[in-house]
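Coordinate inspection notes
If you want the building blocks of each chain, they are given just below.
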Amino acid sequence: MLRTLLLSILLLACSLAHATPLTWGLHGMVLFGGKQGLYASHLPMFHAPHDYQVVLQVHLADPARDAQLRALLDGGTALWTLEPQRFELARLLPAAAVPLRQFQATVVRGHFEKDGLPETGYRDTTIVVERVVLMRQLSPAPASSASARYLQVGGGTQRFLVKRIDSRPDFEHIVAWTSPPNAPHGDVVVAKTGVQESPAAALRQALRTQVAAQAALRGTVYFSTEDVR
């Protein structure tokens, strides 16, 4: 009888462990973009459940609120974030058995974990995932890179650079810039000095030599070293 009871407890424990995904959690995101596109960048860490760098192209399910929010952001550098309800991040992977197509989140002016304020009318808003722009799991092993490689996000004249997390420690960096029409895509690379923010002059020069001579840097949307040490 005792053996049967212990076996039942063990099976239940295994079942519960299996039922709790390693990527289940509150996955805060930086929200950026404007009328030409709306994007969300997961705030990653080097441990589960946050050990994925993810960039999504999204829109709000409510067309009126979507248009209003895009006008508020307007391709600028003010910090906005999303505080989503808990979900399994791995469901965004292309091979996920049950892909995540939308989630609920509160739109916050500023950082949702710091001094940010929920935007009026944007609590528990339905965020629709249009496209997974980037999703890769981060390695917890110490690593270093001599260069900072930035992913181009956006296809119009309002574009952004998102630093690829490829070192430990590293830094998160999202930069807004204005592109001439039909400028080529591709990563933008600058020299890296530890976890210091890439200088605006270096980014501007890289954009003008690697992408388009008419590129104009608008400024930093987000910079942090706290979570990717």
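Residues numbered from 1 in each chain as written. Predicted model: local features only at pLDDT ≥ 70, side-chain atom pairs only at ≥ 80, totals over all residues. Heavy atoms only, no water.

**Describing the overall build of the protein chain**
Summing up its helical and strand segments, the protein chain has 3 helices and 14 strands in all. Along the first, second and third principal axes, the C-alpha atoms of the protein chain reach 80 × 45 × 35 Å. Sequence-distant contacts in the protein chain: of pairs separated by 6 or more residues, those separated by 24 or more amount to 66%. For the protein chain, the separation between the mean place of its 22 positive charges and that of its 18 negative charges on side chains is 5 Å. (Helix = DSSP H or I, 4+ residues; strand = E, 2+ residues; numbered from the N terminus. Contact = heavy atoms within 4.5 Å. Lys, Arg positive; Asp, Glu negative; His and termini not counted. Charge placed at Lys NZ, Arg CZ, Asp CG, Glu CD.)

**Some remarks on the packing of aromatic side chains**
In the structure shown here, the tally under the stated rule is 4 aromatic pairs. Ring centres 5.1 Å apart and planes at 20 degrees place the aromatic pair Phe87 and Phe103 in the stacked group. In this pair, Phe87 is assigned in strand β6 (residues 87-88) and Phe103 in strand β7 (residues 102-109), connecting sequence segments 16 residues apart. Looking at Phe103, the relative accessible area reads 5%, which means it is buried. (Phe/Tyr/Trp six-rings, centres within 6.5 Å; stacked < 30°, edge-to-face > 60°. Buried < 20%, exposed > 50% of the residue type's maximum accessible area, 1.4 Å probe, protein only.)

**Observations concerning the environment of Ile127**
With respect to the helices and strands, the residue Ile127 is situated in strand β9 (residues 125-137). Placed 21 residues apart in sequence, Ile127 and Thr106 show a C-alpha to C-alpha distance of 9.4 Å. Beyond its immediate sequence surroundings of up to four residues, Ile127 is in contact with Val58, His59, Leu60, Leu82, Arg101, Gln102, Phe103 and Ala105.

**What about the pairing of strand β4 (residues 52-60)?**
Of all the 9 residues making up β4, 8 are buried; the element is thus mostly covered by neighbouring parts of the structure. Sheet topology places strand β3 (residues 37-42) next to β4; 4 bridges connect them, and they run antiparallel. Note on β4: the bridge partner recorded for Leu38 is Val58. Strand direction decides the pairing type here: β4 and β9, joined by 9 bridges, are antiparallel. Bridge pairing links Val58 to Val129 in β9. (Pairing = 2+ DSSP bridges.)

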